[in-house]
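If you want the building blocks of each chain, they are given just below.
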Amino acid sequence: MKIESIRLQHIKMPLVSPFETSFGRETDRECVLVIINSEGLIGYGECVASRDPGYNYETTATVLHILKDFIVPLLLGKEVKDAADFQTRVAGIRGHHLAKAGVEMALWDLWGKRAGKSLREMFGGTRAKVEVGVSVGIQESSQSLVRSVQEYLDSGYRRVKIKIKPSRDVDDASAVRKAFPDLRLQVDANSAYTLDDLEMLKPLDELNLLLIEQPLFEDDIWDHRKFQAAFKTAICLDESIVSLRHARYALEMQACKIINIKPSRVGGLSQAIAIHDFCQPLNVPVWCGGMLETNIGRASNLALASLPGFVLPGDISASNRYYQRDITHETFNLNDDSTIDVPAGHGLGVTVDEQALDHYNVLRIVLK
Ligand code: OSB
Ligand code: MG
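1. Observations regarding the coordination of the magnesium ion (ligand 2)
Ligation of the magnesium ion (ligand 2) by protein atoms is provided by D188 (OD), E213 (OE) and D238 (OD), these donors lying 2.0 to 2.3 Å from the ion. By relative accessible area, D188 is classed as buried at 0%.

Encoded structure:
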């Protein structure tokens, strides 16, 4: 489709409750939307970089720079055929996966709208609804964490991930396990530890966790191998898996048994699907991670998670777990069985509330 103009819109939305991880605490969530005009259609994408480079080196400011100065000029006035074509065009730009992924999402929205198909149909997703869980940030104390988990269970979530960091790990996880003996529970360290902490973390191995997510540094696939060898609980990598190659390295090194797939981190939906396709014949479970997305990114995650290899519940919660007012006319609700319906409309299957975008606007740039 011929790319006629691209609007980049930086927005800032208050979270319903602060989200604290080992790398920081967020009360507002910022992102950059990519809005592409082509042949009378509009495609929407979401770049999930945060204001601060805590989870990833990219930020809202680097995403705007890379998009405006490098990616958008490669696309304006061009006919972008498919995802492979897009990836080839941006291959000369090193890294900056979150920026690239937001553009690929908007292109998929356009391709779907033109074809009259949902992303789920385009991807070959086999499920009409996907199992989801909730990611619970670090709270004031173990007791308040248990209360917070109880509230999410009361609202219907059947799988819980808690964030951990040094001094808020074994005790927090043990308290939640003690309060909810049968809960499907997992922990996420966001790279907060080194191998020196291995013995201290050993009690986690007795808590019947589904997985331990990213205990060590992003570039430390090798040390994750040593970590995995010492634990019976499956290690799951998030930050370390920035491409299909890294997925292969990690599995060949036995650095993990499970992979968290975030299309943003790997440079786009096509790359996420490639990792899914690689893991499936190896029987390596994958699941869809989250980045506190708006309903635009959430729609994309739901379509991806409808693929058959996504056998573990995703970090894809209902709209109201994140925002009082989201930016689409549709709302994603939690079903009684801890699932969310995959959108069936064309493209992403959501319609954007431009008034909400005005309300949350920080900066808007139109490139023609
Ligand atoms: O590590 O999975 C993570 C949010 C921001 C950055 C990193 C992570 C997360 C989450 C949130 O865990 C999951 C969600 O969107 O519900
Ligand atoms: Mg994670």
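2. Examining the domain arrangement of the protein
Domain assignment breaks the protein into domain 1 (5–116 + 351–367) and domain 2 (121–341). The gap between the C-alpha centroids of domain 1 and domain 2 is 23 Å. Together, the buried faces of domain 1 and domain 2 total about 3,600 Å²; carbon and sulfur atoms form 62% of this surface. Linking domain 1 to domain 2 there are two salt bridges. Where D353 meets R325, a salt bridge forms, and the shortest distance between an N and an O atom there is 3.9 Å. Taken together, the connections running from domain 1 to domain 2 amount to 21 residue pairs in polar contact (both at pLDDT 80 or more). Secondary-structure elements contributing two or more residues to the side of domain 1 that touches domain 2 are β1 (5–21), β2 (24–38), β3 (41–47), α2 (83–89), α3 (97–115) and α13 (354–360).

3. Points about the site of ligand 1
The full set close to ligand 1 counts 16 residues, and S135, D188, N190, L292 and Y322 are the nearest of them. K262 places a polar side-chain atom, nitrogen or oxygen, 3.0 Å from an oxygen atom of ligand 1. Within the contact set of ligand 1, an oxygen atom lies 2.6 Å away from a side-chain nitrogen or oxygen of Y322. For ligand 1, the protein covers 98% of the area, taking 390 Å² as the surface of the free molecule. The class makeup of the residues in the shell around ligand 1 is six nonpolar, three polar and seven charged. In this structure, the shell around ligand 1 is formed jointly by two domains, domain 1 (5–116 + 351–367) and domain 2 (121–341), each of which donates at least three residues.

4. Regarding helix α5 (residues 142–154)
Each full turn of the α-helix corresponds to 3.6 residues, which orients residues three or four apart in the same direction. Given a rise of 1.5 Å per residue, 13 residues ought to cover 18 Å, and the 18 Å separating the end C-alpha atoms of α5 matches this to within 8%. Those residues of α5 that are buried are in contact with β1, β5 (134–136), β6 (159–163), α6 (170–179) and α12 (319–322). Among the residues trailing α5, G156 stands out with phi positive, at a value near 115 degrees.

5. Let's talk about the nonpolar core
In this structure, L67, I71, I162 and I259 are the most contacted members of the largest nonpolar core, which totals 119 residues. Ranked by residue count, the leading element in this core is α3, at nine residues. In this structure, this core is formed jointly by two domains, domain 1 (5–116 + 351–367) and domain 2 (121–341), each of which donates at least three residues. With residues up to four places along the chain from it excluded, the contact list for I71 reads I66, F86, V90, I93, A99, K100 and V103. If you look at the next biggest cluster of nonpolar residues, it comprises five residues, including L211, A234, C236 and I258.

6. Points about the sheet that holds β5
Spatial ordering of the open sheet is given by β5-β6-β7-β8-β9-β10-β11, a layout of seven strands whose pairing is parallel. In the strand order of this sheet, the two ends are held by β5 and β11 (286–288), each with one partner. Note: strand β7 (residues 184–188) against strand β8 (residues 212–213), two bridges, orientation parallel. Bridge assignment links V187 to a residue of β8, and that residue is I212. Of the strands in this sheet, β6 and β7 are in contact with α6, which crosses β7 at around 170 degrees.

7. Observations regarding the pairing of β2
Across 13 bridges, the pairing between β1 and β2 is antiparallel. Along β2, the bridge assignment pairs P14 with D28. Sheet analysis places β2 next to β3, joined by seven bridges and oriented antiparallel. Within β3, the residue paired with I35 across the bridge is Y44. Linking β2 to β3, which pair antiparallel, is a turn of two residues; within it E39 sits at a positive phi near 50 degrees.

What counts, and at which threshold
- Residues numbered from 1 in each chain as written.
- Chains lettered and ligands numbered in written order.
- Predicted model: local features only at pLDDT ≥ 70, side-chain atom pairs only at ≥ 80, totals over all residues.
- Heavy atoms only, no water.
- Donors = N, O, S within 2.8 Å, 3.2 Å for Na, K, Ca; no water.
- Buried < 20%, exposed > 50% of the residue type's maximum accessible area, 1.4 Å probe, protein only.
- Domains from an automatic or database assignment.
- Buried area = accessible area lost by both parts, 1.4 Å probe.
- Salt bridge = Lys/Arg side-chain N within 4 Å of Asp/Glu carboxyl O.
- Polar contact = N/O pair within 3.5 Å; in protein donor to acceptor, adjacent residues only side chain to side chain.
- Helix = DSSP H or I, 4+ residues; strand = E, 2+ residues; numbered from the N terminus.
- Near = heavy atom within 4 Å.
- Areas by Shrake-Rupley, 256 points an atom, 1.4 Å probe, with all protein chains shown as cover.
- Nonpolar A, V, L, I, M, F, W, Y, C, P; charged D, E, K, R; others polar.
- Expected span 1.5 Å × (residues − 1).
- Contact = heavy atoms within 4.5 Å.
- Core = buried A, V, L, I, M, F, W, Y, C linked by side-chain atoms within 4.5 Å.
- Pairing = 2+ DSSP bridges.
- Axes fitted to C-alpha atoms, helices over the stretch in contact; angles between N-to-C directions.

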